[in-house]
Amino acid sequence: HVQLVESGGGSVQAGGSLKVSCAPSAVVPKNTCMGWFRQAPGKEREGVAAISGSGSALHYADSVKGRFTISQDMAKNTVHLEMNSLKPEDTATYYCAARRQQLGVACSSALFQGYADYWGQGTQVTVS
């Protein structure tokens, strides 16, 4: 089974920056879309950002627009989330997710809504 492995989490001061990355453990189908979710203690999981397999479609939560940037290395099927101007409320476990392409469905849009096929174990991001 394909597993997603996150890296790059850690602790940072408010206003600082952090970059988390995610890579699948095995080759995934072409045009698989990927994204990031987060969950803070006592809160529900929320979509943070997603990107289409081609990289042409991007989705961001309103709370992170202008501060976070999602990008990918298509050759490696690796996705990155650059987080800038971090706030304490960004503190959460960040999960990488991926979704297989399906005819008639906009992959990154569906993924952003939480319809994922693969999930990572999560990486902790703490902002203080």
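Everything numeric here is computed off the predicted structure, so don't read it as measured data. (Residues numbered from 1 in each chain as written. Predicted model: local features only at pLDDT ≥ 70, side-chain atom pairs only at ≥ 80, totals over all residues. Heavy atoms only, no water.)

Participant: Describe the nonpolar core, with residues and values.
Facilitator: Counting 29 residues, the largest nonpolar core has Trp36, Leu81, Met83 and Tyr94 as its most contacted members. Looking at this core, the elements that each hand over two or more residues are β3 (18–24), β4 (33–39), β5 (46–51), β7 (68–73), β8 (78–83), β9 (92–99) and β11 (123–127). Ranked by the residues each element gives to this core, the list is headed by β9, at four residues. (Core = buried A, V, L, I, M, F, W, Y, C linked by side-chain atoms within 4.5 Å. Buried < 20%, exposed > 50% of the residue type's maximum accessible area, 1.4 Å probe, protein only. Helix = DSSP H or I, 4+ residues; strand = E, 2+ residues; numbered from the N terminus.)

Participant: Residues and numbers for the pattern of salt bridges, please.
Facilitator: Within this structure, the stated rule accounts for five salt bridges. Put simply, Lys65 and Asp62 hold a salt bridge, and the shortest N to O gap is 3.2 Å. Its salt-bridge partner being Asp90, residue Arg67 comes within 2.7 Å of it at the nearest N-O pair. One end of the pair, Arg67, is in the loop between β6 (58–60) and β7; the other, Asp90, is in the loop between β8 and β9, and 23 residues separate them in sequence. Considered together, Arg67 and Asp90 belong to a single accessibility category, that of buried residues. (Salt bridge = Lys/Arg side-chain N within 4 Å of Asp/Glu carboxyl O.)

Participant: An account of the packing of aromatic side chains is requested, with residue identities and associated values reported.
Facilitator: To describe a pair of aromatic rings, one takes the distance between the centres and the angle between the planes. Enumeration over the complete set of coordinates arrives at one aromatic pair. Taking NZ or CZ as reference, Arg45 lies 5.8 Å from the ring centre of Phe37, over its face. (Phe/Tyr/Trp six-rings, centres within 6.5 Å; stacked < 30°, edge-to-face > 60°. Lys NZ or Arg CZ within 6 Å of the ring centre and 35° of its normal.)

Participant: Please provide a residue-by-residue account of the state of the cysteines, values included.
Facilitator: Considering all chains together, one arrives at two disulfides under this definition. Linked covalently through their sulfurs, Cys22 and Cys96 form a disulfide whose S-S length is 2.0 Å. The sign of the S-S torsion, about -80°, decides the handedness of the disulfide formed by Cys22 and Cys96: left-handed. Residue Cys22 is located in strand β3, and its partner Cys96 is located in strand β9; the two are separated by 74 residues in the primary sequence. The disulfide partner of Cys33 is Cys107, and the gap between their sulfur atoms is 1.9 Å. (Disulfide = S-S within 2.5 Å.)

Any link to function would need more than the numbers given here.
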